[in-house]
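Inside the fold
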Amino acid sequence: MTDSTTITAQPWREVEITLTAAQDYANGYTDVEVWADFTHDDGAVLRRPAFWNGGRVWQIRFAAPRDGRWTWRNFSTVDDAGLAGQSGIVACEASAAPANRFHRHGFWRMSPGKRSLIHADGRAAILAGDTAWGLPWRATHAECEVYAADRQAKGFNAVLLMSVQPDMGARGPRDRSADEGFDVGFEDLPDGRLNRLNPAYFQYLDGLSNILAEHEIVAVWQPVFHGFGWKGLQTAGPVVPPAEYARYCRYLVARYGARPAIYLVGGDGSGREPQIAAGGEEVERWDAYQQPTGIHYRPHIVADASQDAEWLDFQWCQTGHSGEHVPERVADMGRNLPVKAVANGEPTYEHGGRQGRASGWWQGHEAWSNLCAGGAMGVVYGAGSLWQWAHRGDEPGQSDFFLAPGAGWRQALDFEGSRYVGLVARILDGLPTADMAPNWEVTLGRRGLLVRGKLFICYTEEGGPLLIFGDEVPQHYRIVDPRSGAVVSRGVRPQGQREWIPAEWGAPLIYIFCDE
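Small disclaimer: the values here were computed from a predicted structure and weren't measured.

Within the element layout of this structure, glutamine 222 appears in strand 13 (residues 218–222). Residue glutamine 222 is classed as buried on the basis of its relative accessible area, which comes to 0%. Polar contacts involving the side chain of glutamine 222 include one to the main-chain carbonyl oxygen of leucine 264, which spans 3.1 Å. For glutamine 222, the contacting residues outside a window of four places in its chain are Trp133, Leu161, Met162, Ser163, Tyr245, Leu264, Val265, Gly266 and Gly267.

Next up, the structure:
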């Protein structure tokens with residue numbers, strides 16, 4: 001690439017700059033670091049790392065957060081005229097309002113009070129996450145198209161992903177469609193190392209990531225799992241040297257950080273493994289867009305590791321897979337200081353291990369209970385056979401405890417409970433949910449989340465009239481059936497009076513008070 005190259009762009013849409021090294025390197029992934037500074041005409045500077053893409057090729061991905069001219073210049077840790085000292089321009093100009101919400105409003109970041117998500121333009125957001133841990137290394141592009149279309153239609157806007165197959169002891173054909181098959185991101189992961197990166201794997205993963213982004217589904221990138229993993233065959237996460245784990249986190253930021261992303265640097269561990277803090281600090285150092293970074297825990301742990309770290313934005317508990325509702329876990333995390341966003345990142349998977357386990361409306365009740373307990377970042381769903389991308393219900397080598405009887409990933413997409421979890425984000429879309437917090441003062445013992453003077457959301461398992469106290473709850477209300485998203489009634493309550501909001505008993509209801 002020569003000097004003064006100009007690329008046209010639109011806000012929040014990824015552009016790519018390709019660099020070609022002037023010489024060969026024994027290992028481009030480990031031996032060379034490359035980055036570029038993008039300077040706006042107003043003086044703002046965003047730094048983006050480059051990623052090695054095989055041979056002599058490095059690439060830089062950049063999404064301009066606003067209109068104007070961005071001048072870039074690249075740098076390298078080696079003296080190579082192909083990797084350093086070049087420059088160019090990204091000319092960004094907005095067009096008509098784009099259909100994709102992340103192009104329209106920008107990427108997610110944390111709210112001012114740190115409890116929830118907002119877009120870059122300040123619009124509030126609620127995460128509705130699905131769990132397809134095995135998609136990156138088992139799904140084909142055609143399968144991912146089916147998956148993403150289904151999840152977008154149901155209202156999901158995020159998906160939890162193991163970026164590479166994490167089990168050091170896993171063996172199988174390097175074939176995404178074969179029984180026990182999987183693709184390989186690092187050739188030396190079975191040895192507990194992350195040095196021999198396979199560019200072809202990540203080139204295929206680019207296509208999967210593109211499909212998700214086109215369907216407005218944010219990839220939640222977990223680098224290398226720390227807990228059970230795919231088959232429970234000794235995950236590499238706790239074994240990999242922290243410096244190698246951090247380098248891989250930087251690679252994920254470089255390759256996938258110029259599109260909507262969340263970084264889940266801890267997966268199913270204690271949260272105190274040294275790799276996690278090393279990875280979180282590296283993400284913080286290189287993520288110019290301030291996208292959310294956090295930890296997902298195993299069930300038997302106190303979920304407060306790195307609570308005071310600047311890099312930590314959220315904590316996600318896990319409540320196990322026995323079919324129990326345990327919103328107390330979310331409430332406990334919500335009381336930790338300093339404040340971080342919280343959610344239940346792994347409730348019981350629907351039909352996991354036994355037909356009927358955590359099925360149907362169980363998932364809807366779980367989602368709304370966790371949300372109202374303080375999980376204001378959002379809600380997460382999982383299904384047996386889907387999370388590990390099982391080809392069918394009797395695929396050999398899979399744990400019976402996590403397979404849904406008689407179902408592969410495609411059948412699991414149709415499980416009833418997923419509809420109710422996806423609806424959470426759809427029902428709350430457009431509301432001023434930023435920094436909503438549990439409140440027990442404005443109702444008579446009902447679950448609720450309050451943004452004083454702006455919003456009150458209440459969930460009841462059995463419906464019925466709702467008594468409202470005080471002036472902090474807005475006057476206009478609507479009552480929604482959380483099983484369908486249908487508005488069943490609307491009204492305006494008198495200001496400054498105790499008032500019963502009429503509603504029928506016998507079915508779950510969501511009461512939304514908002515004057516905006």
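Right, let's talk about unusual backbone geometry for a bit. The omega torsion of the bond from leucine 337 to proline 338 falls at -5°, within 30 degrees of zero and hence cis. Phi angles above zero are rare outside glycine, and glutamine 234 is one such case at about 60°. Topologically, glutamine 234 is positioned in the loop between strand 13 and helix 6 (242–256). Here glutamine 234 falls in the exposed class, since its relative accessible area comes to 54%. Phi is positive for alanine 358, which is not a glycine, with a value near 50°.

Before going further, it helps to spend a moment on the environment of glycine 360. On the secondary structure map, glycine 360 appears in the loop between strand 17 (341–346) and helix 9 (361–372). Remark: the alpha-carbon pair of glycine 360 and valine 45, spanning 315 residues in sequence, is separated by 49 Å. Residue contacts for glycine 360: discarding those within four places in its chain leaves Glu350, Glu416, Gly417 and Tyr420.

Every α-helix winds through 3.6 residues per turn, so residues three or four apart in the chain are directed the same way. Among the 12 residues in helix 11 (residues 417–428), 10 count as buried, and that is most of the element. Within helix 11, the full set of buried residues consists of Gly417, Ser418, Tyr420, Val421, Gly422, Leu423, Val424, Ala425, Ile427 and Leu428. Once helix 11 finishes, glycine 430 follows within two positions and takes phi at roughly 90°, a positive value.

We now examine the nonpolar core. A general trend in soluble globular proteins is that nonpolar side chains are found buried together. Within the largest apolar cluster, 149 residues are counted, with the highest numbers of intra-cluster contacts made by Trp58, Tyr147, Phe202, Tyr248 and Leu428. When residues in this core are grouped by element, the largest group, 8 residues, is from helix 6. When near neighbours in sequence (up to four residues on either side) are disregarded, leucine 428 contacts Ile126, Trp368, Leu371, Thr433, Ile457 and Ile512. Formed by 14 residues, the second largest nonpolar core is a distinct cluster that contains Leu466, Val473, Ala503 and Leu509.

Time to look at the packing of helix 5 (residues 199–214) against helix 6. It is the contact of helix 5 with helix 6, at a shortest axis distance of 12 Å, that shows an interaxial angle of 50°. Judged on the interaxial angle alone, helix 6 and helix 5 are oblique. In this structure, the crossing between helix 5 and helix 6 has a hand that is right-handed. Side by side, helix 5 and helix 6 meet where Phe202, Gln203, Leu205, Asp206 and Ser209 of the first sit next to Tyr248, Tyr251, Arg255 and Tyr256 of the second. Of the residues that constitute the contact of helix 5 with helix 6, the class distribution is 5 nonpolar, 2 polar and 2 charged.

Rules used throughout
Residues numbered from 1 in each chain as written. Predicted model: local features only at pLDDT ≥ 70, side-chain atom pairs only at ≥ 80, totals over all residues. Heavy atoms only, no water. Helix = DSSP H or I, 4+ residues; strand = E, 2+ residues; numbered from the N terminus. Buried < 20%, exposed > 50% of the residue type's maximum accessible area, 1.4 Å probe, protein only. Polar contact = N/O pair within 3.5 Å; in protein donor to acceptor, adjacent residues only side chain to side chain. Contact = heavy atoms within 4.5 Å. Core = buried A, V, L, I, M, F, W, Y, C linked by side-chain atoms within 4.5 Å. Axes fitted to C-alpha atoms, helices over the stretch in contact; angles between N-to-C directions. Parallel < 35°, antiparallel > 145°, perpendicular 65-115°, else oblique. Left-handed = near helix turned anticlockwise from the far one by under 90°. Nonpolar A, V, L, I, M, F, W, Y, C, P; charged D, E, K, R; others polar.

Remember, this is a structural readout, not a statement about activity or role.
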